[in-house]
Amino acid sequence: MLQPELPTLIDRRTLMHRSALLGAGAMLAGLPLGDAAFAQSARSGAAGRWPQVSRFIQGYVTERKVAGMVATMGYGAAEPDTLAAGERMFGGSGGVGPDTLYRIYSMT
């Protein structure tokens, strides 16, 4: 008994090509400005461009691991973004920002 051939919906070459495009898209979406590359983000500001860094900073301040934290992030030749949260010391003494001075040292 002969079975009729099923129509080929996707050939191997098309499947490989589309898989490569899907992988490239996933890789670009993970970049710091991946949302902007795909024009999918309506968010604005530094926290919108660096959501993971912003959540990290907010988490440390909310959990009271640090009184305040500032991070300056840049990409390419664009103007750097500054993310800041918290205060200069526990108990409140004013907010932190790009001009806040910190003493940094290493114990190693």
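Anything mentioned here points back to the structure above.
Residues numbered from 1 in each chain as written. Predicted model: local features only at pLDDT ≥ 70, side-chain atom pairs only at ≥ 80, totals over all residues. Heavy atoms only, no water.

## Structural notes on the overall build of the protein
Scanning the protein from N- to C-terminus turns up 4 helices and 2 strands. In the protein, the share of contacts with a sequence separation of at least 24, taken over all contacts with a separation of at least 6, comes to 32%. Carbon and sulfur atoms form 58% of the exposed surface of the protein, whose accessible area is close to 9,100 Å². (Helix = DSSP H or I, 4+ residues; strand = E, 2+ residues; numbered from the N terminus. Contact = heavy atoms within 4.5 Å. Areas by Shrake-Rupley, 256 points an atom, 1.4 Å probe, with all protein chains shown as cover.)

## Regarding the environment of Gly45
Inspection of the secondary structure puts Gly45 in the loop between α2 (34-37) and α3 (46-49). Since its relative accessible area comes to 29%, Gly45 is described here as partly exposed. Note: C-alpha distance between Gly45 and Thr82 (37 residues apart in sequence) is 9.6 Å. (Buried < 20%, exposed > 50% of the residue type's maximum accessible area, 1.4 Å probe, protein only.)

## Looking at the packing of aromatic side chains
Counted according to the given criterion, the structure contains 1 aromatic pair. The interplanar angle of 40° and the centroid separation of 4.7 Å between the aromatic rings of Phe56 and Tyr60 together place this pair among those described as tilted. Pair noted here: Phe56 and Tyr60 are both in helix α4 (residues 51-62), with a separation of 4 residues, about one helical turn. Relative accessible area serves as the criterion here: at 46%, Phe56 is assigned to the partly exposed category. Owing to a relative accessible area of 28%, Tyr60 belongs among the partly exposed residues under this scheme. (Phe/Tyr/Trp six-rings, centres within 6.5 Å; stacked < 30°, edge-to-face > 60°.)

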